[in-house]
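Structural characterization, general
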Amino acid sequence: MYVIYSTILSFTRRGKTLSYTQVADDFWLDSVASDFFKPRSSVISTLHDRLLIHPVQPCNSATYMIILVFSLPEDFLWRKTIRNTWSGAAKKNRWPRMHLRVHVEVFFIVGQRESSLIFETVKEEASRHHDIIMGDFTDSYRNLTYKTLAGLSWVSQHCSHTKFVMKLDQDTFVDLPRLLSFLSSHDKELHNSVIGKFYSSPLVKSEGKWKVTRSEYPFSMYPAFAGGPCYIISTDVVHQILQTSQHMPFFHLEDVLVTGIIAKTLGLYRYSVEQLQNFYKNESLCAFIERPKTQLSMTELSREKIRHVWKTIVTDICIPFKKQSV
């Protein structure tokens, strides 16, 4: 039986409570696999934190949170859509009809392609927007762990004074005012932690996209981990995560490795927020302006849906989404 501790703190805004719960792992996993969750004495994994492109002036002393948006190098239109909607507003401490109470910086992190044309185009884009980090590794699904650790390494070197770093897939939209109000109201309690929507008693998949072999991970169950589309790490543990990653077996499922395996190895607090990472439904795009709000984020959105959500927030009018004809 999986154990979840009772709610520790809650945050109330406009009559709706945001709560988070501390999670723990199944006793079976603790008793059978405890030796696995110990750092090895020698370095067995490579960090791959060399960067080909990175911002010259990453963040200032007022920056509260870094948002690392995972993108593909060729996804120029995706990045343009995000800059023209929520990212552009957030970097100016603005949101429709309100100012954000703390300052955030948004950066896109990508790997590389063999195409020199793509590299030069991304390089030119980076020189204009100063918001791209490119790692020295091939951008692929199995290299998402390298992308995550490269982004965290950059934060550790250049923005270690910030309170939080958020990993975000580009097809995910977050209600930043609510999230930032929640974090800033409780940041003293949320140190040494990973925050996200955690999966309880997650079973290892033997087939499909998330297939893992026994040689990659020898047990039938993972430690509780936060879903990959959106999770937050308190910056005070980023350096520890990076160091520990080099003393643990490489694992290609980055959310499992960082928020599950390494978080358990380090004894980090793992806090689950149920309102994070809701998947898109046709009727749910209005949820960001309807009251009471029940969602902090939504994922699996197209660029068109990202623009629609933003327009809905800007106008404060809920219009059901209809796919535009081409």
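Every chain begins its residue count from 1, and numbering advances along the sequence as written. Residues qualify for local features only when their pLDDT is at least 70, as the model is predicted, and side-chain atom pairs are given and counted only at 80 or more; totals for whole chains, interfaces and linings, by contrast, use all residues. Derived side-chain values reflect all non-hydrogen atoms in the structure, with water molecules and hydrogen atoms excluded from consideration.

Going by the annotation in an unreviewed UniProt entry, the name recorded for the protein chain is Hexosyltransferase, with Batillaria attramentaria given as the source organism. UniProt positions are given in the numbering used here, feature names are shortened, and annotations may be inferred rather than shown by experiment. UniProt, in its Sequence similarities (unreviewed entry) section for the protein chain, records the words "Belongs to the glycosyltransferase 31 family."

Quick word on the overall build of the protein chain
In terms of regular secondary structure, the protein chain is built from nine helices and 15 strands. For a compact globule the rule gives 2.2 Å times the number of residues to the power 0.38, and the radius of gyration it is set against comes from C-alpha atoms. Over its C-alpha atoms the protein chain spans a radius of gyration of 19 Å, differing by no more than 12% from the 20 Å that the globule rule assigns to 326 residues. For the protein chain, with 326 residues in total, the buried portion stands at 56%. Contacts are residue-level and defined by heavy atoms, with any inter-residue pair within 4.5 Å sufficient. Contacts spanning at least 24 positions in sequence make up 77% of the contacts within the protein chain whose residues lie at least 6 apart. Averaging the locations of the 39 positively and 31 negatively charged side chains of the protein chain gives two centres separated by 6 Å. Only runs of H or I of at least four residues qualify as helices and only runs of E of at least two qualify as strands under DSSP, and these elements are numbered from the N terminus. Relative accessibility thresholds used throughout: buried, under 20% of the residue-type maximum; exposed, over 50%; partly exposed, between the two (1.4 Å probe, protein chains only). Asp and Glu are treated as the negative residues and Lys and Arg as the positive ones, with His and the ends of the chain left uncounted. The atom standing in for a charge is NZ when the residue is Lys, CZ when it is Arg, CG when it is Asp and CD when it is Glu.

Digging into the sheet that holds strand β14 (residues 278–279)
On the basis of which strands lie adjacent, the open sheet formed by three strands has the order β10-β15-β14 and mixed pairing. Every interior strand has two partners, whereas the edge strands, β10 (173–174) and β14, have only one. Note on pairing: DSSP must find at least two bridges between two strands before they are called paired. Where β10 lies against strand β15 (residues 297–299), two bridges are found, and the strand directions are antiparallel. By the bridge assignment, V174 is partnered in β15 with S297.

Considering the pairing of strand β12 (residues 225–234)
Counting buried positions over the 10 residues of β12 gives 10, a clear majority of the element. Relative to β12, strand β9 (residues 164–169) runs antiparallel, the two sharing five bridges. Paired with K167 across the two strands is Y231, which belongs to β12. Pairing between strand β11 (residues 193–199) and β12: five bridges, direction antiparallel. By the bridge assignment, G196 is partnered in β12 with Y231.

Some remarks on the pattern of salt bridges
Salt bridge, as used here: a side-chain nitrogen of Lys or Arg that lies within 4 Å of a carboxyl oxygen of Asp or Glu. Counting across every chain of the model gives 15 salt bridges. A salt bridge links D25 to R270; the nearest nitrogen and oxygen atoms lie 2.8 Å apart. You can see D25 sitting in the loop between β2 (16–23) and α1 (27–33) and its partner R270 sitting in strand β13 (residues 269–272), a full 245 residues away along the chain. With relative accessibility at 6%, the residue D25 sits in the buried group. On the basis of relative accessibility, which here comes to 6%, the residue R270 falls in the buried class. With a shortest N-O distance of 2.8 Å, R83 and D131 are connected by a salt bridge.

Describing the packing of helix α2 (residues 76–83) against helix α9 (residues 303–315)
Helix packing geometry: the angle between the two helix axes and the distance between the axes. The axes used here are C-alpha line fits, helices contributing only the stretch in contact, and every angle between their N-to-C directions lies in the interval 0 to 180 degrees. Where α2 contacts α9, the two axes come as close as 10 Å, and the packing angle between them is 5°. Taken together, the axis directions place α2 and α9 in an arrangement best described as roughly parallel. Taking contact as the criterion, the partners of L77, W78 and T81 in α2 are, on α9, R303, I306 and R307. What sets the label is the angle itself: under 35 degrees gives roughly parallel, over 145 gives roughly antiparallel, 65 to 115 gives roughly perpendicular, and the rest give oblique.

Details of the packing of aromatic side chains
Within a pair of aromatic rings, the relevant descriptors are the distance that separates the centres and the angle that separates the planes. Two aromatic rings, drawn from Phe, Tyr or Trp (for Trp, its six-membered ring), form a pair once their centres lie within 6.5 Å of each other, and the interplanar angle then sorts them: stacked below 30 degrees, edge-to-face above 60, tilted otherwise. Enumeration according to the criterion identifies 19 aromatic pairs in this entry. Seen from their ring centres, F36 and Y217 are 5.4 Å apart, and the 85° between their planes marks the pair as edge-to-face. Here Y217 lies in the loop between β11 and β12 and F36 lies in the loop between α1 and β3 (51–53), a separation of 181 residues in the sequence. When sorted by exposure, F36 lands in the same class as Y217, which is buried. Plain terms: the ring middles of Y222 and F251 are 5.8 Å apart, the flat faces sit at 70° to each other, and that makes the pair edge-to-face. One end of the pair, Y222, is in the loop between β11 and β12; the other, F251, is in the loop between α7 (238–245) and α8 (254–266), with 29 residues separating them in the sequence. For F251, a relative accessible area of 2% puts it in the buried group.

Details of unusual backbone geometry
The phi dihedral of H130 falls on the positive side, at around 55°, and the residue is not glycine. With respect to the helices and strands, the residue H130 is situated in the loop between α4 (116–129) and β8 (132–138). Despite not being glycine, E300 shows a phi value in the positive range, around 65°. Looking at where E300 falls in the secondary structure, it is placed in the loop between β15 and α9. Under the relative-accessibility criterion, E300 is labelled partly exposed at 48%.

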